[in-house]
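The residues making up each chain are set out below.
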Amino acid sequence: MSSQRTSIHGQWSSRLVFILAATGSAVGLGNIWRFPYVAGENGGGAFVIVYLLCVALIGVPIMIAEVMLGRRGRRSPINTMRALARDEGHNPRWEYLGWLGILAGFMILSFYSVVAGWTLAYVFRSASGMFAAMDAEAISMAFDSLVSDPERLLAWHTVFMIMVTVVVARGVKSGLEQAVRFLMPALFVLLVAMVGYAMGNGEFARGLEYLFSPDFSKLTPTGVLEAAGQAFFSLSLGMGAIMIYGSYLSSKASIPRTVGIIALVDTLVALLAGLAIFPIVFAAGLEPAGGPGLIFKTLPVAFGQMPGGAFFGTLFFVLLLFAAWTSAISLLEPIVAWLVENRGVNRIKGAAAGGGLAWLLGVPSLLSLNLWSDYTLFGKGFFDLMDYTTANVMLPLGGLLIALFAGWKLARAASEKELALAPGPVYEAWRFLTRYVVPLAILLVMLNVTGVLAVLSGMGR
Ligand code: PFF
């Protein structure tokens, strides 16, 4: 019965297109902008190991579960969860999982678009050749001057949000396929080339050591939470983006193999970004814990020095922009699909409404970097709060609920059938991870941090 549902929004033309779209969602600013700066703030190696463990043991099983639920429900995450809960005779309030995802999607898209706006600005900055004459300090200052200018930030944020809205309004499939088929491989090749440059010109050995030789004394409980949060953010998990893409997947495609490819590519891109960036950080005497501006302060140093730097720099930021674009599209899609299903609007109106609201929410984010920088909560401005809360609280919570539903509420026969796996080691491993390891790990990671915070606030009294 339920496996015969079809999506009113259409279907991917092949499994390859799904892989491309989901990889497009996963690979984005999270890999190239966020991974290096969060790893840098958490001391490097030990963080990276925990991150890799989180990808393999938590991320992959949840991604399999998310694609599976999406394909079985064939609707927006809210309606999918309600339908599946009903099918299985459970409380339809599981749809709140979908609502949590919609909220997280708005919040992520709002600051994501601001950072994508920086990328847009850097396309033009590279093309103008401005980095050629600058040293690392001048390049840092150039970034700070962009971020302290609310009007410029607003303009770039607006341009990017319009780009996202237009593609989603036209339907995700038509525009996305071309973008991902050519530009993702190009980004990959360019990143490899950047690592090659860092090998020859940066402090490569130090960068390698920083990323891969773990010093667990540098890892705090918050660092562990951030590693888990980074895994969710980078793989686009816990908010329904992968679920909605799964709802457009043909019933014949094998989910576990597909997910393996996506997770592998996503992880490789993050590691390559780290390998390209940290050698330059050290060679230029910059701080690994430089915060959200890290890649914008380091890569232009390399582009300023290498032959053909204006060309390669422009190319790099254009490709990063496309990576951000395909990710942002997947953030807006679940919202628009729900508006189309439940509010009877067409995609154009749905995309305009969703994109407009996310744009509005982005405004306090960009103001918190300059005019409103004095307003903080828990020591964080609005931008940092959005980034931190979505990745480290909302996505893991969404992932926990997805694992609980897929592992405990969905009948075994149903998941066996959807995953097209006969009872065997792969299925059993997925089921064991999803039922026990994932929920326990997420709870432990979250409670540990809460516990430490409680102790700290107790000490402060
Ligand atoms: N995975 C994207 C990235 O790494 O840039 C960001 C993202 C997209 C997060 C979609 C969450 C999501 F649902």
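These remarks concern the structure in this document. Please read all numbers here as calculations on a predicted model, not as lab measurements.

1. Some remarks on the pattern of salt bridges
Then step 1. Taken as a whole and assessed by the stated rule, the structure comprises 11 salt bridges.
Then step 2. A salt bridge links Glu95 to Arg82, with the nearest nitrogen and oxygen atoms 2.3 Å apart. Note that Glu95 is positioned in helix H5 (residues 95-127) and Arg82 in helix H4 (residues 77-87), a separation of 13 residues in sequence.
Then step 3. Judged by its relative accessible area of 15%, Glu95 falls in the buried class.
Then step 4. Under the relative-accessibility criterion, Arg82 is labelled partly exposed at 23%.
Then step 5. Linking Arg412 and Glu416 is a salt bridge whose minimum nitrogen-to-oxygen distance equals 3.1 Å.

2. Re the site of the ligand
Then step 1. Surveying the vicinity of the ligand reveals 15 residues, the closest of which are Ala26, Gly30, Tyr112, Phe233 and Met239.
Then step 2. Contact between the ligand and Leu29: an oxygen atom at 3.1 Å from a main-chain N or O atom of the residue.
Then step 3. Within the backbone of Phe233, one N or O atom sits 2.8 Å away from a nitrogen atom of the ligand.
Then step 4. Counting only elements with at least two residues in the shell around the ligand, the list comes to helix H1 (15-26), helix H2 (29-41), helix H10 (221-234) and helix H14 (309-343).
Then step 5. By residue class, the composition of the shell around the ligand is 7 nonpolar, 8 polar and no charged.

3. Some details on the environment of Ser140
Then step 1. Mapped onto the elements, Ser140 comes out in helix H6 (residues 136-147).
Then step 2. It is 9.0 Å that separates the C-alpha atoms of Ser140 and Leu294, two residues lying 154 residues apart in sequence.
Then step 3. Setting aside its immediate chain neighbours within four residues, Ser140 contacts Leu286 and Lys297.

About the criteria used
- Residues numbered from 1 in each chain as written.
- Predicted model: local features only at pLDDT ≥ 70, side-chain atom pairs only at ≥ 80, totals over all residues.
- Heavy atoms only, no water.
- Salt bridge = Lys/Arg side-chain N within 4 Å of Asp/Glu carboxyl O.
- Helix = DSSP H or I, 4+ residues; strand = E, 2+ residues; numbered from the N terminus.
- Buried < 20%, exposed > 50% of the residue type's maximum accessible area, 1.4 Å probe, protein only.
- Near = heavy atom within 4 Å.
- Polar contact = N/O pair within 3.5 Å; in protein donor to acceptor, adjacent residues only side chain to side chain.
- Nonpolar A, V, L, I, M, F, W, Y, C, P; charged D, E, K, R; others polar.
- Contact = heavy atoms within 4.5 Å.

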